[in-house]
Amino acid sequence: MQTQTVKIVVTGPFNSGKTELIRSVSEIDVVSTEKKITAEAEKVKESTTVAMDFGRITVDDDLVLFLFGTPGQKRFDFMWEILSEGMLGFIVMVDSTRPETFREARSILETFHAYAPTPYIVAANKQDCADAWDVEDMRVALRLDHSIKIMPCVAKKKSSVKNVLLELLFGILEEMDANRS
Amino acid sequence: MALKGNLRDFSITQLLNLIHIATKTGALYVEGGSDTVAVYFRDGKISFAQNANQSFDLLKILASSKKLKRSQVVMLQEKFKDLQPAELGLCLVNGGYLSQEDILDTLRAYYSGVVKQLFIWEDGFFHFEGPESAPEGNIMVRESLEDLIVEGARKLKEYEQLKDEIPSLEMALKFSDRPGTNMRAINLSQDEWRVVSYVNPKNSITQIAHATRLNEMDIRRVVYALLQAGIVEIIRPASGAVITPGRTFVAQDRDEQKSIVNRLIDRIRAI
């Protein structure tokens, strides 16, 4: 029997927690192509994902879920299109403590939705930080319609990441049912 | 939860919209350069606003809006010395100088004016403190944010339209190849002439903006005007490849596809 692999893409602005999210649930060590940061404006962390992160969750012998994290920096956006091909859905990570990245997050969301109109969810990351914006305030800031799910998230906590993934999968099921009727 | 950031990243219109929709109560402080503006809200409506660099003098505000004569202001300043605005307002109403509605109308316009000052701020740190109330002794109003948001949004819309017309400032300009265009017959503004002097396929619009010291909004306006006049053309980068999404599922049957998603759900629950 042919093994079915399905793909969920994790996207979002630079330093929004994409790698962390994949690390929290992947059964393999996340394959990251990281590089030291050179651009002055992006020196929030020492290194960043250049090409992609790659995580895996095996369901059984004939079903595997891959998690692909996109590079956060705009100059690598040529990779987005490739990564979005055939995705089951996608997660847009947004750093709740950095409102200066909200506009970019919105732009990334629109770009990915244009690439493939698959279900998606917005994960409001770093909700454990004192500076974090309230999720409903973020909904307004990101101009998200009420039909779009936005979940509080702490990417380093497995339980939180599980909730985000589950909500996305529930959304995918709902869309399948809606398309049928 | 914190609500803070910079107007550079989150415009005042977006901020007001958020406060309006979420019917927030509290104080919004915006600091830009040497100015600090404090706007207080109650249930998503403006209740009080003040620029820290401008003294709040109720009598002068009423005189500016022609509710009081200058001569009355001098007399009233002497008569009601050292009174807080709320007490002073009461004295003015009780003394028959003005109606309560006169005072409230004037203050609604004044507080809105303080907020409108923020529309031209491109940069400024803001933070919202809830549920902070305005300093005691002031006169509170209930001024809806809708009109202000519309006004701010109009300015934003102009900017967005210009962005649609000129999607990237990294593009270059070249003179259009229209043999009939007579450059000498065209009237250009000073800024437009300055930009025209830099038109060259090797110069990006950003570089021209730097050279002519025009901000992003102004360079877009000028380039748009030149485009409309048919003087220049934007040299656009080659369009990207056509996207052909790969297949999400091997299975074509919808029930099989649902089964796959359900198996994924079970697996993730078990992690």
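Every value quoted in this text rests on a predicted model; they were computed, and no experiment measured them. (Residues numbered from 1 in each chain as written. Chains lettered and ligands numbered in written order. Predicted model: local features only at pLDDT ≥ 70, side-chain atom pairs only at ≥ 80, totals over all residues. Heavy atoms only, no water.)

1. Side note on the overall build of chain B
Move 1: In terms of regular secondary structure, chain B is built from 10 helices and seven strands.
Move 2: A burial count over chain B gives 40% of its 271 residues as buried.
Move 3: Considering only contacts within chain B whose residues lie at least 6 apart along the sequence, 70% involve residues at least 24 apart.
Move 4: Accessible area for chain B stands at about 15300 Å²; split by element, carbon and sulfur atoms hold 48% of it. (Helix = DSSP H or I, 4+ residues; strand = E, 2+ residues; numbered from the N terminus. Buried < 20%, exposed > 50% of the residue type's maximum accessible area, 1.4 Å probe, protein only. Contact = heavy atoms within 4.5 Å. Areas by Shrake-Rupley, 256 points an atom, 1.4 Å probe, with all protein chains shown as cover.)

2. Structural notes on helix α10 (residues 254-270) of chain B
Owing to its 3.6 residues per turn, the α-helix brings residues three or four apart onto one side.
All names here are of chain B.
Move 1: Over its 17 residues, α10 runs 25 Å from end to end, which matches the ideal 24 Å to within 8%, given 1.5 Å per residue.
Move 2: When we look at burial in α10, the residues that qualify are Gln257, Lys258, Ile260, Val261, Leu264, Ile265 and Ile268. Along the long axis of α10, the arc covered by the buried residues comes to 155°, so they all point the same way. (Expected span 1.5 Å × (residues − 1). Arc of directions from axis to C-beta.)

3. Here's the deal with the environment of glycine 113 of chain B
Move 1: Within the secondary structure, glycine 113 of chain B sits in helix α5 (residues 100-117).
Move 2: Considering only alpha carbons, one finds glycine 113 of chain B and alanine 49 of chain B, 64 residues apart in sequence, at a separation of 8.9 Å.

4. Structural notes on the packing of aromatic side chains
All names here are of chain B.
Move 1: Scanning all chains against the criterion turns up 15 aromatic pairs over all chains.
Move 2: For the ring pair phenylalanine 48 and tyrosine 111, a centre distance of 5.2 Å and an interplane angle of 70° mean the geometry is edge-to-face. Residue phenylalanine 48 is located in strand β4 (residues 45-51), and its partner tyrosine 111 is located in helix α5; the two are separated by 63 residues in the primary sequence. Accessibility classification places phenylalanine 48 together with tyrosine 111 in one group, the buried group.
Move 3: A connected cluster of aromatic rings, assembled from ring pairs, spans Tyr29, Tyr40, Phe48, Phe56, Tyr110 and Tyr111. (Phe/Tyr/Trp six-rings, centres within 6.5 Å; stacked < 30°, edge-to-face > 60°.)

5. Details of the interface of chain A and chain B
Move 1: If you look at the interface, chain A gives 43 residues, while chain B gives 38 residues.
Move 2: At the boundary of chain A with chain B, the tally comes to six salt bridges.
Move 3: For the salt bridge of glutamate 27 of chain A with arginine 267 of chain B, the shortest nitrogen-to-oxygen distance reads 3.6 Å.
Move 4: Where chain A touches chain B, the interface holds 10 residue pairs in polar contact (both at pLDDT 80 or more).
Move 5: Mapped by element, the contributors of at least two residues to the side of chain A that touches chain B are β1 (4-11), β3 (47-60), β4 (63-69), α3 (102-115), α4 (135-141) and α5 (158-180) of chain A.
Move 6: Looking at which element gives the most residues to the side of chain A that touches chain B, the answer is α5 of chain A, with 12 residues.
Move 7: Across the side of chain A that touches chain B, the residue classes tally to 22 nonpolar, seven polar and 14 charged. (Salt bridge = Lys/Arg side-chain N within 4 Å of Asp/Glu carboxyl O. Polar contact = N/O pair within 3.5 Å; in protein donor to acceptor, adjacent residues only side chain to side chain. Nonpolar A, V, L, I, M, F, W, Y, C, P; charged D, E, K, R; others polar.)

6. Quick word on the pairing of strand β2 (residues 26-32) of chain B
Residue and element names in this part refer to chain B.
Move 1: With six of its seven residues buried, β2 lies for the most part within the structure.
Move 2: Looking at chain direction, β2 and strand β3 (residues 35-42) are connected through seven bridges and run antiparallel. Its bridge partner being in β3, glycine 32 is matched across the sheet by aspartate 35.
Move 3: Two successive antiparallel strands, β2 and β3, enclose a turn made up of two residues, where glycine 33 displays a positive phi of approximately 60°.
Move 4: Bridging between β2 and strand β5 (residues 125-129) involves five bridges; their strand directions are antiparallel. (Pairing = 2+ DSSP bridges.)

7. A few points about the sheet that holds β5 of chain B
All names here are of chain B.
Move 1: Judged by pairing direction, the sheet is antiparallel, and its five strands sit side by side in the order β1-β5-β2-β3-β4 without closing on themselves. Two strands close off the open sheet at either side, each with one partner strand: β1 (4-6) and β4. Strand-to-strand twist in this sheet, taken as the mean axis angle between neighbours without regard to direction, amounts to 15°. (Axes fitted to C-alpha atoms, helices over the stretch in contact; angles between N-to-C directions.)

8. What to know about the pattern of salt bridges
Side-chain pairing between opposite charges can occur once the charged atoms of the two side chains come close.
Move 1: A complete count under the given rule lists 23 salt bridges over all chains for this structure.
Move 2: A salt bridge links arginine 98 of chain A to glutamate 100 of chain A; the shortest N-O distance between them is 3.4 Å.
Move 3: Under the relative-accessibility criterion, arginine 98 of chain A is labelled buried at 16%.
Move 4: For glutamate 100 of chain A, a relative accessible area of 36% corresponds to the partly exposed category.
Move 5: The salt bridge involving glutamate 174 of chain A is made with lysine 149 of chain A; its shortest N-O contact spans 3.7 Å. Of this pair, glutamate 174 of chain A sits in helix α5 while lysine 149 of chain A is found in the loop between α4 and β7 (150-152), placing the two residues 25 residues apart along the sequence.
Move 6: Judged by relative accessible area, which is 48%, glutamate 174 of chain A ranks as partly exposed.
Move 7: Residue classification places lysine 149 of chain A among the partly exposed positions, given a relative accessible area of 24%.
Move 8: The structure contains a network of salt bridges with shared partners spanning Glu101, Asp105, Arg108 and Glu143 of chain B.

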